[in-house]
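Survey of secondary and tertiary structure
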Amino acid sequence: MEPYRIDVHHHILPKEYVQALDSIGASNSGGASLPTWSLDAALALMDNQGIATAITSISSPGVYFGDINFARDLARRCNEISARLISDNPRRFGALALLPLPDVDAALEEISYALDTLKLDGVILLASYGDQYLGDSAFDEVFAELHRRKATVLLHPTTPPGSDVPKLKLPPFIVEFVFDTTRAVANLIYNGTLERYPDISIIVSHAGGTVPYLAQRFAIAPEIIPELGERAPQGAIAYLKRLYYDTAISATPHALRSLQELVEPTQILFGSDYPYMQEHFIEKSIQELAAYDGFNNDDRQLIERDNALKVFPRLRTET
């Protein structure tokens, strides 16, 4: 069978990015060493696993480590690398732009360059930058611009503020990443960001972190603190149902069952989390998605391909 899946959660780690992080001693993500990546290996994985197109991104730890000039320069170089990847392989790759947040002016400049000049397919936003979560009013201009453009955003976790306080002696990617995602979504709801900027298509990584399981806690919060409801007048569940969620590291019955109780299959997209997840794990995830009894064949077609065509319209003519 010809590859047909569209992978919306697929990372690249070009040598320029890895070398830049090495130069400042920041070459890990969530407590794990950065994996090796190459174009040939990525294409082989895609061919083996039936992935027609991958929407690539560079995720945690991002580009900001206290030096905005470093962040601005590295984001620009990475976005240009992503654009070349698409131009060399237009049917196989899309890309999400990396932004030099928390510098809002630099981020706005990069949105313009990445989406207008480089023609990238959207942006990736980390759940938190320093001690500020998405939903912080400091980022309102960025969300206003993404709303104006009707942009697509992948919301991806990173090592959150204070992750070194609990003495768990566990690398942050195991538990802190999903809580980072969850905090960001809650902040986006109850600071009113999702109410003010509804035209952004936000894909929440890893089936929403712990969002589906905690949805009822989100929903009852205004009953306890009424002013929260003023910022989210539609109610938390309505905003959660509007978001998209990917299947990266989440194509298991216990995760999918909770997600399926929250949203329809129209809001779920296939994600591999390559190369952080090795091929044998991705293959198992695809098998588990195929075997999951909560989806029929039409649902799987939506999840593995058709929903991505809706949020990444360029692919309708390229794939």
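This write-up is about the structure you can find in this document. (Residues numbered from 1 in each chain as written. Predicted model: local features only at pLDDT ≥ 70, side-chain atom pairs only at ≥ 80, totals over all residues. Heavy atoms only, no water.)

1. Notes on the nonpolar core
Ranked by internal contacts, the top residues of the largest apolar core, which has 102 residues, are Leu125, Ile189 and Leu240. Among the elements that make up this core, the one with the highest residue count is helix α3 (residues 68-88) (eight residues). Leave out the neighbours within four places in its chain, and leucine 240 touches Val185, Ile189, Val211, Ala215, Phe218, Tyr245, Leu262 and Val263. (Core = buried A, V, L, I, M, F, W, Y, C linked by side-chain atoms within 4.5 Å. Buried < 20%, exposed > 50% of the residue type's maximum accessible area, 1.4 Å probe, protein only. Helix = DSSP H or I, 4+ residues; strand = E, 2+ residues; numbered from the N terminus. Contact = heavy atoms within 4.5 Å.)

2. Topic: the side chain of arginine 5
Positionally, arginine 5 belongs in strand β1 (residues 5-11). If we ignore the near neighbours within four places in the chain, the residues touching arginine 5 are Gln49, Gly50, Ile51, Ala52, Thr53, Phe270, Ile286 and Glu304.

3. A short note on helix α12 (residues 279-291)
When the terminal C-alpha atoms of α12 are compared, their 18 Å separation across 13 residues agrees well with the 18 Å that a helix rising 1.5 Å per residue should span. Buried within α12 are the following residues: Ile282, Ser285, Ile286 and Leu289. One face of α12 carries all of its buried residues, which in axial projection span an arc of 100°. Of the exposed residues in α12, the ones pointing more than 90 degrees away from its buried face are His280 and Ala291. Where the residues of α12 are buried, they touch β1, α2 (39-48), α11 (253-262) and α13 (297-311). (Expected span 1.5 Å × (residues − 1). Arc of directions from axis to C-beta.)

4. Topic: the sheet that holds β1
Judged by pairing direction, the sheet is parallel, and its three strands sit side by side in the order β1-β4-β5 without closing on themselves. In this open sheet, the two edge strands, each paired with only one partner strand, are β1 and β5 (93-95). Direction aside, neighbouring strands of the sheet carry axes that sit 25° apart on average. In this fold α2 packs onto β1, β4 (51-57) and β5, with an angle of close to 135° to the strand it touches most, β4. The strands touched by α13 within the sheet are β1 and β4, with β1 carrying the most contacts at an inclination of about 75°. (Pairing = 2+ DSSP bridges. Axes fitted to C-alpha atoms, helices over the stretch in contact; angles between N-to-C directions.)

5. Brief notes about the packing of helix α1 (residues 15-23) against α3
The N-to-C vectors of α1 and α3 enclose an angle of 160°; their axes lie 10 Å apart at closest approach. In terms of their interaxial angle, α1 and α3 are classed as roughly antiparallel. Crossing hand, α1 versus α3: left-handed. When α1 is examined against α3, the residues Glu16, Tyr17, Ala20, Leu21 and Ser23 are found in contact with a partner set consisting of Phe70, Leu74, Arg77, Cys78 and Ile81. (Parallel < 35°, antiparallel > 145°, perpendicular 65-115°, else oblique. Left-handed = near helix turned anticlockwise from the far one by under 90°.)

6. A short note on the sheet that holds strand β12 (residues 244-246)
The strand order β6-β7-β10-β11-β12-β13 describes an open sheet built from six strands, whose pairing is parallel. The open sheet is flanked by β6 (97-98) and β13 (268-269), the only strands paired with a single partner. As judged from the two bridges shared by β6 and strand β7 (residues 123-126), these two strands associate in the parallel manner. Following the sheet pairing, leucine 98 is matched in β7 by isoleucine 124.

7. Digging into a nonpolar patch on the surface
A contiguous nonpolar surface patch, about 260 Å² in accessible area, is contributed by Ile220, Ile224 and Ile225. Note on placement: isoleucine 224 falls in helix α8 (residues 211-224). Of the residues examined, isoleucine 224 reaches a relative accessible area of 63% and is grouped as exposed. (Patch = residues over 30% accessible without salt bridge, like charges linked within 9 Å, V, L, I, M, F, W, Y side chains within 5 Å. Areas by Shrake-Rupley, 256 points an atom, 1.4 Å probe, with all protein chains shown as cover. Salt bridge = Lys/Arg side-chain N within 4 Å of Asp/Glu carboxyl O.)

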